[in-house]
Amino acid sequence: MRKTGDPYLTHCIHTGRILAALVPSSGKRAVDTVVAGILHDVVDDTCQSLQDIRAEFGDDVVKLVASVSRLSYINQLLRRHRRVSVNQGVLGEEEASNLREMLLGMVDDPRVVLIKLADRLHNMRTIHALPLQKAQAVAEETLIIWCSLASRLGLWALKAELEDLCFAVLQPQIFQKMRADLASMWSPTSRTGNLRRFSVKGNLIHLNENNSTPFYNGSLTFNGDVSMKDLLEAVVPFDILLDRRKRANYLNSIGSNLGTCTKPKVVQDAGLALASLVICEEALEREMTISASYVPGMEITLSSRLKSLYSLYSKMKRKDTSIDKVYDARALRVVVGDKNGTLHGPAVQCCYSLLDIVHRLWTPIDGEFDDYIINPKPSGYQSLHTAVQGPDSSPLEVQIRTQRMHECAEHGLAAHWLYKETGNPFLSIDRMDEPETEASSHFSKDLGGGNSSDILLTKYKSFKAGHPVLRVEGSHLLAAVIISVENDERELLVAVSFGLPASEAVADRRSFHIKRWEAYARLFKKVSDEWWFEPGHGDWCTCLEKYTLCRDGMYHKQDQFGRLLPTFIQVINFTEKEESEYWAVVSAVFEGRQVDRITSHSKFDLVASTSAEAGINNKVKLLRTMLSWEEQLRSEVSVKQTKYDAKLYDLHGSLGEVVIICWPHGEILRLRAGSTATDAAQKVGLEGRLVVINGQLVLPNTKLKDGDVVEVRI
């Protein structure tokens, strides 16, 4: 029996149900993940062995169960650290080694992390059964370790619920206050009445300055008769947001108790927040049904989400703003089906058409449109984000993306072990801990005031003739280039190629090839050769157009009468490598040289063409993410040195080893700290050969670092 009084089996079943909401609905890997989730405690808590599981369920399931069992040691590691050396604030060598061993185990199959996170999520949902002090310790550990790991892996929906459960335990007063404020803002009927009754007496209890490891140093007291169980119930489960039937049942259960007031106000407030999403979702759905022409042959899925209160509080504190100025506190998400990527280009066109529908339905908020499709985040995240005034005149964010973008955003790294499409591009995860909904607004104020010129100069300082842009008119996406920049970057003259559709190039934004850059370069050269320099100049397939920077932060087309039109351009933001490559192509085109001779990215920076190499590249990226998370964890949680010096403190040296991947077989090697390229060659039995590290030929005495990809040339 569990401490809640339920049979222990219920925990295993609920873990499986959580996983079923996280993984695809079919496919052997997905099914095995759910099965392993149900069985994750069998070996530890029953007389059954791994051999019994293998005989009944196969090798894949038994590997997952065994790995989850090993991963559970991280709980003991952190608790031992907190119990033994909490005053010293130093993670012991043994604990650090165990942590690294478990992290490396994740590299082979991140589904193990999914199972462990599902296990922890259900434990947090029922944590009210634990004594208060122990519940706080578990919540603190969950926020520090598991929420951080979920963030690194891009599991945003699960992370949001985990954060709020921890927030409810660690900061109950702030949790209740924010729930009440949102209910008041999103529901006109709740603006008066009982709102003041749940206000916090005195000052709010603040989180620690670093805002990443909140501690509560006093005794937790709940307002009125609100218990910890009530607060946990006020956290809307992530799967309810994804399933309309579950959501309807959830709202009905709350609504049926409103008359008798059997549900605490904090739970009713959660219901009001969810109900406001339903109203917005139904309004957008009606509008999309009326505007059926927006989606020829496309399948549309509409869902919604509430920003976690913890994330909302952190953003309010970071930006020193009020709750009504956080525009992504609630959001609708529109996902356009692309038939497993085969219609990805048309699906991208549909996304921009839907954006136009949203802006006609609700008033856009100036400066709150972000195009992460043409300009993905460093994490690889792609989506259109816009903030509007919703039906209740309160801010609402709308996210629009294709199915492929959605899979990578929601399932993160684990998606590539769960989905059948082995050829899908594997996104860069250099900053996977960055929230996908985070967006900065540079243009909320009128451009004529204050520091607008400085803002513009900073944002658009890289503008120059020849820079590629995307022209957006409804669902029509066309390639274009900047011809001239005028009036302090407020006006642009742009050459548009009506014979060069850009939807496919936009869909694969981070896999641009030389040929795609060549199309922009040739368009620029054509305009230069023809001496076109005024709006309206051009021929039957090319035309120069004038664009003006508007209050919404976008460049809109200006016609011959000076009127601003809905047509706008999006500037393609270069990475450093892309910029160098693009201008090399432009130079080659203008000089008449062959573009094919220009060197593109090394094979270590691109997704490999074959499925086998793609799998190895997946492992490389996941390993680097795990090592990066390890370094972050040890520096933020465990390594609190008075005099921290990056040159003196050697993370790898303290562990006595570095971890590399040996190309081309993808084997993970563990070598002593300070090992060189020669040592790696000796390890694989190819001493005296040339060694390439991360695509670059190196000297034999070059020292290796964690996450290096080492190729020994035969």
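My aim in this report is to walk through the structure given alongside it, one point at a time. Only a predicted model underlies this, so the values are computations on that prediction, with no experimental measurement involved. (Residues numbered from 1 in each chain as written. Predicted model: local features only at pLDDT ≥ 70, side-chain atom pairs only at ≥ 80, totals over all residues. Heavy atoms only, no water.)

**A look at the overall build of the chain**
When you go through the chain residue by residue, the secondary structure sums to 26 helices and 16 strands. Per-residue burial for the chain yields a buried fraction of 54% across its 714 residues. For the chain, the accessible area works out to roughly 32,300 Å², and carbon and sulfur atoms hold 50% of it. (Helix = DSSP H or I, 4+ residues; strand = E, 2+ residues; numbered from the N terminus. Buried < 20%, exposed > 50% of the residue type's maximum accessible area, 1.4 Å probe, protein only. Areas by Shrake-Rupley, 256 points an atom, 1.4 Å probe, with all protein chains shown as cover.)

**Here we look at the pattern of salt bridges**
Overall, the coordinates contain 31 salt bridges when judged by the stated rule. For the salt bridge of Glu141 with Arg120, the shortest nitrogen-to-oxygen distance reads 3.0 Å. Here the residue Glu141 occupies a position in helix α9 (residues 132-152), and Arg120 occupies one in helix α8 (residues 111-125), the gap between them amounting to 21 residues. When sorted by exposure, Glu141 lands in the same class as Arg120, which is buried. Measuring nitrogen to oxygen at the nearest pair gives 2.7 Å for the salt bridge that ties Lys265 to Asp269. Of this pair, Lys265 and Asp269 both sit in helix α15 (residues 265-290), four residues apart, which is roughly one turn of that helix. Taking the relative accessible area as the measure of exposure, Lys265 reaches 14% and is therefore buried. Overlapping salt bridges, with partners in common, bring together Arg125, Glu161, Asp239 and Lys246 in one network. (Salt bridge = Lys/Arg side-chain N within 4 Å of Asp/Glu carboxyl O.)

**Here we look at helix α5 (residues 59-71)**
Between its terminal C-alpha atoms α5 stretches 18 Å, which fits the 18 Å expected from 13 residues at 1.5 Å a residue. Along α5, the positions that sit buried rather than exposed are Val61, Val62, Leu64, Val65, Ser67, Val68, Ser69 and Leu71. (Expected span 1.5 Å × (residues − 1).)

**Some thoughts on the side chain of Glu657**
Tracing the chain through its elements places Glu657 in strand β12 (residues 657-663). Residue classification places Glu657 among the buried positions, given a relative accessible area of 15%. Only 3.2 Å separates the side chain of Glu657 from the side chain of Arg670, close enough to count as a polar contact. (Polar contact = N/O pair within 3.5 Å; in protein donor to acceptor, adjacent residues only side chain to side chain.)

**Concerning the sheet that holds strand β6 (residues 468-473)**
Strand order in this closed barrel of six strands is β6-β7-β8-β9-β10-β11, and the pairing throughout is antiparallel. With direction set aside, neighbouring strand axes in the sheet form an average angle of 45°. In terms of strand pairing, strand β8 (residues 491-501) meets strand β9 (residues 542-549) through seven bridges, oriented antiparallel. The residue of β9 that forms the bridge with Val494 is Glu545. Of the strands in this sheet, β6, β7 (476-486) and β11 (564-571) touch helix α17 (residues 344-361), which is tilted by about 70° from β7. (Pairing = 2+ DSSP bridges. Axes fitted to C-alpha atoms, helices over the stretch in contact; angles between N-to-C directions. Contact = heavy atoms within 4.5 Å.)

**As for a nonpolar patch on the surface**
On the surface, Leu9, Ile13 and Ile38 cluster together into a nonpolar patch covering about 250 Å² of accessible area. Among the residues examined, Ile38 registers a relative accessible area of 32% and is labelled partly exposed. (Patch = residues over 30% accessible without salt bridge, like charges linked within 9 Å, V, L, I, M, F, W, Y side chains within 5 Å.)

**Observations regarding the sheet that holds strand β1 (residues 300-306)**
Pairing in this open sheet of five strands is mixed, and the strands run β1-β2-β5-β4-β3 from one edge to the other. Every other strand in the sheet has two partners, leaving β1 and β3 (363-371) as the edge strands with one partner each. Each strand of the sheet is rotated relative to its neighbour by a mean of 20°, with strand direction disregarded. Bridge analysis of β1 against strand β2 (residues 330-336) gives seven bridges, and the strand direction is antiparallel. Bridge pairing in β2 places Ile300 opposite Val336.

**What about unusual backbone geometry?**
Not every positive phi belongs to a glycine, and Asp320 is a case in point at roughly 50°. Mapping Asp320 onto the fold places it in the loop between α16 (309-319) and β2.

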